[in-house]
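A closer look at the structure
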Amino acid sequence: TQTTRSGLPYRRFTVAAQNRLRNHDWSGNVLELKNVIQRLLVLGNGEDIDVADVDTALASEAEAIENGDETINFDLPLREAREQFERIYLLQKLQETDGNVGKAAKLAGMERTHLYRKLRSLGIDTKQI
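None of these values were measured; they are calculated from a predicted model. (Residues numbered from 1 in each chain as written. Predicted model: local features only at pLDDT ≥ 70, side-chain atom pairs only at ≥ 80, totals over all residues. Heavy atoms only, no water.)

On to the confidence of the model for the protein. Overall, the prediction assigns the protein a mean pLDDT of 81, with 84% of residues at 70 or greater. Across the protein, the secondary-structure element scoring lowest on mean pLDDT is helix 1 (residues 2-6), at 53, and the one scoring highest is helix 6 (residues 101-108), at 95. (pLDDT = per-residue confidence, 0-100. Helix = DSSP H or I, 4+ residues; strand = E, 2+ residues; numbered from the N terminus.)

This part takes up the pattern of salt bridges. Taken as a whole and judged by the stated rule, the model has eight salt bridges. A salt bridge links Glu83 to Lys34, with the shortest nitrogen-to-oxygen separation between them at 3.8 Å. Placement of Glu83 in helix 5 (residues 78-96) and of Lys34 in helix 3 (residues 30-43) is noted, with a sequence separation of 49 residues between them. The salt bridge involving Glu80 is made with Arg79; its shortest N-O contact spans 3.9 Å. Looking at Glu80, the relative accessible area reads 8%, which means it is buried. According to the relative accessible area criterion, Arg79 is partly exposed, its value standing at 47%. Among the ionic contacts, a cluster of salt bridges with common partners joins Lys34, Arg79, Glu80 and Glu83. (Salt bridge = Lys/Arg side-chain N within 4 Å of Asp/Glu carboxyl O. Buried < 20%, exposed > 50% of the residue type's maximum accessible area, 1.4 Å probe, protein only.)

The subject of this paragraph is helix 5. Taking 1.5 Å per residue as the helical rise, helix 5 with its 19 residues ought to reach 27 Å, and the 27 Å between its terminal C-alpha atoms agrees with that figure. With its phi angle positive at about 50°, Asp98 sits one or two positions after the end of helix 5. (Expected span 1.5 Å × (residues − 1).)

The phi angle at Asp98 is positive, at roughly 50°, despite the residue not being glycine. Its relative accessible area of 73% is what places Asp98 among the exposed residues.

The contact between helix 6 and helix 7 (residues 112-121) brings their axes to 9 Å, and the two run at 100°. In terms of their interaxial angle, helix 6 and helix 7 are classed as roughly perpendicular. Contact with helix 6, carried on its side by Val101, Gly102, Ala104 and Ala105, involves Arg112, Leu115, Tyr116 and Leu119 of helix 7 and no other residues of that element. A breakdown of the residues in the contact of helix 6 with helix 7 according to their chemical character gives six nonpolar, one polar and one charged. (Axes fitted to C-alpha atoms, helices over the stretch in contact; angles between N-to-C directions. Parallel < 35°, antiparallel > 145°, perpendicular 65-115°, else oblique. Contact = heavy atoms within 4.5 Å. Nonpolar A, V, L, I, M, F, W, Y, C, P; charged D, E, K, R; others polar.)

Right under this line is the structure:
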């Protein structure tokens, strides 16, 4: 499992915590979900993760994204760390170009169509930028 591979402790989610995660608007962003789950596993105490823990992790993730403080977690496997980097990098390029994918592609040195595919695979909605 992910916890064993990452050396993280096993923790159980209460039903209420599962429901909170299930009902949260992830905007199709799997990376955000991974970050929140990892934060819950690393920062929590005890075996159970409850609704308060989930709310704290969600608020912390939202604040990090809002402040542009997303960071790369070097404890992740290379593929996942690379996804985090690409997400942060491409979001920055899109912000620099006010969401213009063509200009962002130029700044990133890639084809526009390739950038669209990459954004889709990372769960980035250009309409929300």
